[in-house]
Amino acid sequence: MTSSTTPDPTRFNALEEAAATAALHEACASSAWGSKLLAQRPYATVEALFAASDAAMAELTAEDLAEAMAGHPPIGRPKPGDPTSAREQRGMAGASEELKAELLELNLAYQEKFGHVFLICATGATAEFMLGQLKIRIEHGAEAEREIVRSELGKINRIRLTRLVEEGSDA
């Protein structure tokens, strides 16, 4: 949706709790994150919503992060029928079969090492960029990688929250 107006949280604020809960769960699978955002409604501005999201993200435990990551498909394999993951992973379109195979191999090695999918804010990123980041990040220790994942989730959440307030309850 293209608009010259600033996104406004009014429609999100007005959602019934069940609808707001479902919309937030679509944005981020962490129930702790969603609960924290729900508890602070109504939001005066989108920036206030983003600030609440960032604060909630910073407070997530390792278990909460694992729950959030469980809602994300591996890079290069968006969930069938899921327009969000397909849109976010658009940068994989046109990637060579060799690149896709290398990405799959490294994804599996990353998952074996860290116990979760490689998570990156894929919106606007090329397949080559994501592969390069995967090659760098697979070398990290668990603690450093957990904080990068937290940051990447925060970026993804902001993008998804923007779509939520732009689209209202249709997100």
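Higher on the page you've got the structure.
Note that the structure is a prediction, hence the values are computed from the model and not measured.

Q: Would you mind going over the overall build of the chain with me for this structure?
A: Helix and strand counts for the chain stand at nine helices and zero strands. For the chain, the succession of helices and strands along the chain, N to C, is α-α-α-α-α-α-α-α-α. What you see for the chain is a C-alpha radius of gyration of 16 Å, in line with the 16 Å of a compact globule of 171 residues. Taken along the three principal axes of its C-alpha coordinates, the chain extends 45 × 35 × 25 Å. Looking at the chain as a whole, 43% of its 171 residues qualify as buried. Here the analysis covers contacts within the chain between residues at least 6 apart in sequence; of these, 69% occur between residues at least 24 apart. Element-wise, carbon and sulfur atoms account for 55% of the exposed surface of the chain, whose accessible area totals about 8,900 Å².

Q: So what exactly am I meant to see when it comes to the packing of helix α5 (residues 62-69) against helix α9 (residues 142-167) here?
A: When two helices pack together, you describe them by how their axes are tilted relative to each other and by the distance separating the axes. Interaxial distance between α5 and α9 falls to 11 Å at its minimum, and their mutual angle equals 50°. If you check the angle between α5 and α9, you find them oblique. The chirality of how α5 crosses α9 is left-handed. Counting all contacts with α5, which are made through A62, L65, A68 and M69, the residues of α9 involved are R146, V149, R150 and L153.

Q: Teacher, can you tell me more about empty space enclosed by the protein here?
A: If a probe as big as a water molecule is rolled over the atoms, it shows which places are left empty. Taken as a whole and assessed by the stated rule, the structure comprises one cavity of 30 Å³ or more. Computed from the structure, the largest cavity encloses a volume of approximately 130 Å³. Lining the largest cavity are 14 residues, and of these H72, E88, Q89, I120 and I156 lie nearest its centre. Those elements giving two or more residues to the lining of the largest cavity turn out to be α6 (83-88) and α9. Of the residues contributing to the lining of the largest cavity, the split by class is eight nonpolar, four polar and two charged.

Q: Help me understand the nonpolar core in this model?
A: Counting residues in hydrophobic clusters, the biggest one holds 47 residues, and the most contacted among them are F12, L24, W33, L37, I75, L153 and L161. Among the elements of the structure, α2 (17-27), α3 (31-39), α4 (46-59), α5, α7 (97-114), α8 (127-137) and α9 are those that each provide at least two residues to this core. Filtering out sequence-adjacent residues up to four positions away, L161 remains in contact with L24, W33, L37, L49, F50 and S53.

Criteria and thresholds
- Residues numbered from 1 in each chain as written.
- Predicted model: local features only at pLDDT ≥ 70, side-chain atom pairs only at ≥ 80, totals over all residues.
- Heavy atoms only, no water.
- Helix = DSSP H or I, 4+ residues; strand = E, 2+ residues; numbered from the N terminus.
- Rg over C-alpha atoms; globule rule 2.2 N^0.38 Å.
- Buried < 20%, exposed > 50% of the residue type's maximum accessible area, 1.4 Å probe, protein only.
- Contact = heavy atoms within 4.5 Å.
- Areas by Shrake-Rupley, 256 points an atom, 1.4 Å probe, with all protein chains shown as cover.
- Axes fitted to C-alpha atoms, helices over the stretch in contact; angles between N-to-C directions.
- Parallel < 35°, antiparallel > 145°, perpendicular 65-115°, else oblique.
- Left-handed = near helix turned anticlockwise from the far one by under 90°.
- 1 Å grid on protein atoms, 1.4 Å probe; cavity = no way out; pocket = protein on both sides within 12 Å on 5 of 7 lines; lining within 4 Å.
- Points joined across faces, edges and corners; volume = space filled by probe spheres on them.
- Nonpolar A, V, L, I, M, F, W, Y, C, P; charged D, E, K, R; others polar.
- Core = buried A, V, L, I, M, F, W, Y, C linked by side-chain atoms within 4.5 Å.

Read these as spatial facts, not as claims about activity.
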